[in-house]
Amino acid sequence: MRTNHSGRRALAAVVLTLLVCGAAHAQGIALGSPCARGQFALRGYLLVCSDAGTFRYAMPEDIPAAPKGGYVERPAWYPRLSDVFHAVNPPACPTAGRITFTSPPVRAQDLLTTVPQGMMTGDHVTPIDHGYIGVKPLAKPQADRTEADFVPISAPADAEVIEISLLGSPTSIRIVLAHGCDTYSVFMVVNRLSGALGYLQADLLAK
């Protein structure tokens, strides 16, 4: 399934988290699943292949030493985005080799305080690998929020939807979009599916 920048999903009065090129759960990879010696993977946390040929959590001593001066590009041993995200039919990569985002995820008139990716904050591993987009209904007490306070969000560019899941509650939805060119967006803490994805809302909650 694809959605373009006019396809909208509804967000209630909570913070929307947007990750671009962040980590997702790789399909078929989990603690204890088969692997090849020296293989690393991401499933929320970094995994490494154990001597038994199965994935375990990576420890500091498993990580190859960094080059002098630190990393300036992804090290060869670190999983590629295509190993983390699994798109089936993403939009074709333009000849320029990069994706141009054509729509803001939240309309300017709906914005409140935002927190940028890379911020040093006290209650996260820092710097954070995601940003927070605040919306105006956050300024209202939760008890006063109504149906009219849902804020629409949009895909930043044409994309294949490759994951819709729950983050532990019915109003905390995660959506992963594949834009092509190994470029991905991850929306988190979405409260409700609507628009192009609205027909999936009941099925998501049932599971």
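Because the structure is a prediction, the values reported are computed rather than measured.

Caption draft 1: Spotlight on the overall build of the protein. Per the secondary structure count, the protein includes 2 helices and 12 strands. Looking at the protein as a whole, 36% of its 207 residues qualify as buried. Look at the contacts in the protein between residues 6 or more apart in sequence, and 57% of them connect residues 24 or more apart. Total accessible area on the protein is roughly 11600 Å²; 56% of this is exposed by carbon and sulfur atoms.

Caption draft 2: Highlighting the sheet that holds strand β6 (residues 55–57). Pairing within the open sheet is antiparallel, and its 3 strands lie in the order β4-β5-β6. The sheet terminates laterally at β4 (40–43) and β6, the two strands that pair on one side only. Across this sheet, the average inter-strand angle for adjacent strands is 40°, counted without regard to direction. Alignment of β4 against strand β5 (residues 45–49), held across 4 bridges, turns out to be antiparallel. From the neighbouring strand, Arg-43 faces β5, where its bridge partner is Tyr-45.

Caption draft 3: Focus on the pairing of β5. Counting buried positions over the 5 residues of β5 gives 4, a clear majority of the element. Between β4 and β5, which follow one another and run antiparallel, lie 1 residue, and Gly-44 among them has a positive phi close to 80°. Bridging between β5 and β6 involves 3 bridges; their strand directions are antiparallel. If you follow Val-48 over to β6, its bridge partner there is Arg-56. Counting the residues that bridge the hairpin from β5 to β6 gives 5 residues, and of these Gly-53 lies at a positive phi of roughly 80°.

Caption draft 4: Here's a closer look at a nonpolar patch on the surface. A contiguous nonpolar patch, built from Leu-31, Tyr-45 and Tyr-57 and spanning about 360 Å² of accessible area, is present on the exposed surface. Along the polypeptide, Tyr-57 turns up in strand β6.

Caption draft 5: Up close: unusual backbone geometry. Positive phi values are uncommon outside glycine, yet Asp-182 reaches one of about 55°. Mapped onto the secondary structure, Asp-182 falls in the loop between β11 (173–180) and β12 (183–190). The class for Asp-182 is partly exposed, based on a relative accessible area of 33%. With a phi angle near 65°, Val-189 is a residue other than glycine that sits in the positive phi range. Looking at the secondary structure, you find Val-189 in strand β12.

Caption draft 6: Spatial organisation of the environment of Arg-56. Position of Arg-56 among the secondary structure elements: in strand β6. Once the C-alpha coordinates of Arg-56 and Cys-35 are considered, the two residues, 21 residues apart in sequence, prove to be 9.9 Å apart. When neighbours within four sequence positions are excluded, Arg-56 is seen to be in contact with Leu-31, Leu-46, Leu-47, Val-48, Ser-50 and Asp-62.

Cut-offs used in this document
- Residue numbers restart at each chain and count upward from 1, following the sequence in its written direction.
- For a predicted model such as this one, the threshold for reporting local features is a pLDDT of at least 70, and the threshold for listing and counting side-chain atom pairs is 80 or more; totals across whole chains, interfaces and linings nevertheless cover every residue.
- Note: side-chain values were computed over all heavy atoms of the structure, leaving out hydrogens and water.
- Numbering of helices and strands runs from the N terminus; a helix is a DSSP stretch of H or I covering at least four residues, while a strand is a stretch of E covering at least two.
- Summary of the burial criterion: residues with accessible area below 20% of their type's maximum are buried, those above 50% are exposed, and those between are partly exposed, where the area comes from a 1.4 Å probe applied to protein chains only.
- Every residue pair with non-hydrogen atoms within 4.5 Å of one another is taken to be in contact.
- Residue burial considers only the protein chains on display, and all accessible areas are found by Shrake-Rupley using a 1.4 Å probe.
- The criterion for strand pairing is that DSSP finds at least two bridges linking the strands in question.
- Whenever a helix is involved, its axis is fitted only over the stretch in contact; in every case the axis is a line through C-alpha atoms, and angles between N-to-C directions fall within 0 to 180 degrees.
- The residues that make up patches have over 30% relative accessible area and no salt bridge, and they are joined within 9 Å when like-charged or within 5 Å when they are Val, Leu, Ile, Met, Phe, Trp or Tyr.
- By definition, a salt bridge exists where a carboxyl oxygen of Asp or Glu is found within 4 Å of a side-chain nitrogen of Lys or Arg.

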